[in-house]
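Structural characterization, general
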Amino acid sequence: MTLAGTTAIVSGGSGAIGGAIAARLAAGSCDVALIDRTPAPAAVAAIQSAGRRAFEFSADLADAGETRHAIEQAVRALGGLAILVNAAGVTSFGSAAELEAPEWDRVMSINLRGVFICCQAALGPMKQHGGRIINIGSVLGKNGGNARPWLDPSEQESSGNVAYGVSKAGVHMLTLYLAREFARFGITVNAVAPGPIISGMTRTFPENLRALIPAGRMGRPEEVADAVAFLAAAGSSYITGEILDVNGGIWSD
Ligand SMILES: NC(=O)c1ccc[n+]([C@@H]2O[C@H](COP(=O)([O-])OP(=O)(O)OC[C@H]3O[C@@H](n4cnc5c(N)ncnc54)[C@H](O)[C@@H]3O)[C@@H](O)[C@H]2O)c1
């Protein structure tokens, strides 16, 4: 598969999904710049072992100035920008009844505003030659959260994730808006909406929820990365404003 370009920025590259995406894009002939608040030695090693150039820039996505600066540095190091993948994100637990406002703000600032800032900062460098923006959403941004009556009632407060789900719904809608606004520049904007994927975020994923996945297992980060590579591929040039489910059948719409 030929990728749309040879330069990519991936946020969240020190995480499971971002790391797999970075490795997959490098295998598909991209130089990759990673933006994260923690170092990503495994992703750097994977990019380099694919024979591509790897760069790392530290930024807290909750900080708009830091994030813009990291994107600028990454574009300069890469010598251009063809693909932006927004995979950084934080999970958050808390029911709508109990969630404190600062936690709501923290999640929105990283998961939603951080993605917005990255997309906005990528527009300038992508405008001239076109490009691909791929945001990582979530099934929880589509389904209104997991209905969990099967859980012990005492677990229900801590297993709600209203801020997370709403932030990811925002990422999906941002994707639709940007798809329309950026289309005239030859930039496609799509999202991948994973279901439960094996990662640090789901280390404590409850067995009873796992049992509900029609595919019978959790997904692998590489399965998300393959969907991202598909959307980044040359042949996907007419796909924009799509939210691609990668969820083992746990939710269909
Ligand atoms: N694991 C799942 O089941 C699942 C399901 C649906 C969506 N997702 C989404 O996939 C993406 C990757 O998640 P993952 O499962 O690999 O989790 P992960 O925790 O392994 O990776 C998240 C990455 O984001 C980075 N990050 C977090 N906050 C940041 C900040 N403020 N600034 C910069 N970087 C920051 C972390 O350092 C980490 O590298 C996230 O957006 C997540 O919401 C995950």
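Provided above is the structure to which this section pertains.
Helix and strand counts for the chain come out as eight helices and seven strands. For a compact globule of 253 residues, the expected C-alpha radius of gyration is about 18 Å, and the chain comes in at 17 Å, within 12% of that figure. Taken over the C-alpha atoms alone, the chain extends approximately 55 × 35 × 35 Å along its principal axes. Counting only contacts in the chain whose residues sit at least 6 apart along the sequence, the fraction spanning at least 24 positions is 71%. Entry remark: accessible area of the chain is about 11300 Å², with carbon and sulfur atoms responsible for 55%. Of the side chains in the chain, 19 bear a positive and 22 a negative charge, and the two mean positions are spaced by 9 Å.

So, about the site of the ligand. Inspection of the region around the ligand gives 28 residues, with D36, D60, Y164, K168 and S199 positioned closest. G195 places a main-chain nitrogen or oxygen 3.5 Å from an oxygen atom of the ligand. Considering the ligand on its own, with 820 Å² of exposed area, one finds that the protein chains cover 92% of that surface. Looking at the shell around the ligand, the elements that each hand over two or more residues are α1 (16-27) and α6 (162-182). The class makeup of the residues in the shell around the ligand is 14 nonpolar, 10 polar and four charged.

Take the pairing of strand β6 (residues 187-194) next. Where burial is concerned, most of β6 is hidden: eight out of the eight residues are buried. Burial along β6 is two-sided: the residues I187, V189, A191 and A193 and T188, N190, V192 and P194 are all buried. Both strand β5 (residues 131-136) and β6 contribute to a ladder of six bridges, which runs parallel. Note that in β6 the partner of G131 across the bridge is I187.

Let us look at the state of the cysteines. Scanning the entire structure with this criterion turns up zero disulfides. Between C30, a free cysteine, and C119, which holds the nearest cysteine sulfur, the sulfur-to-sulfur gap is 17 Å. For C30, a relative accessible area of 0% gives the class buried. For the unlinked cysteine C119, the closest cysteine sulfur is that of C118, found at 6.9 Å.

Moving on: the pattern of salt bridges. Counted according to the given criterion, the structure contains eight salt bridges. The closest approach of N and O atoms between R52 and D31, which form a salt bridge, is 3.3 Å. Here D31 lies in strand β2 (residues 31-36) and R52 lies in the loop between α2 (41-49) and β3 (54-58), a separation of 21 residues in the sequence. Relative accessible area serves as the criterion here: at 25%, R52 is assigned to the partly exposed category. Here R53 makes a salt bridge to D31, at a shortest N to O gap of 3.0 Å. In this pair, R53 is assigned in the loop between α2 and β3 and D31 in strand β2, connecting sequence segments 22 residues apart. Looking at R53, the relative accessible area reads 38%, which means it is partly exposed.

Definitions and limits used
- Residues numbered from 1 in each chain as written.
- Predicted model: local features only at pLDDT ≥ 70, side-chain atom pairs only at ≥ 80, totals over all residues.
- Heavy atoms only, no water.
- Helix = DSSP H or I, 4+ residues; strand = E, 2+ residues; numbered from the N terminus.
- Rg over C-alpha atoms; globule rule 2.2 N^0.38 Å.
- Contact = heavy atoms within 4.5 Å.
- Areas by Shrake-Rupley, 256 points an atom, 1.4 Å probe, with all protein chains shown as cover.
- Lys, Arg positive; Asp, Glu negative; His and termini not counted.
- Charge placed at Lys NZ, Arg CZ, Asp CG, Glu CD.
- Near = heavy atom within 4 Å.
- Polar contact = N/O pair within 3.5 Å; in protein donor to acceptor, adjacent residues only side chain to side chain.
- Nonpolar A, V, L, I, M, F, W, Y, C, P; charged D, E, K, R; others polar.
- Buried < 20%, exposed > 50% of the residue type's maximum accessible area, 1.4 Å probe, protein only.
- Pairing = 2+ DSSP bridges.
- Disulfide = S-S within 2.5 Å.
- Salt bridge = Lys/Arg side-chain N within 4 Å of Asp/Glu carboxyl O.

None of this, on its own, says anything about what the molecule does.
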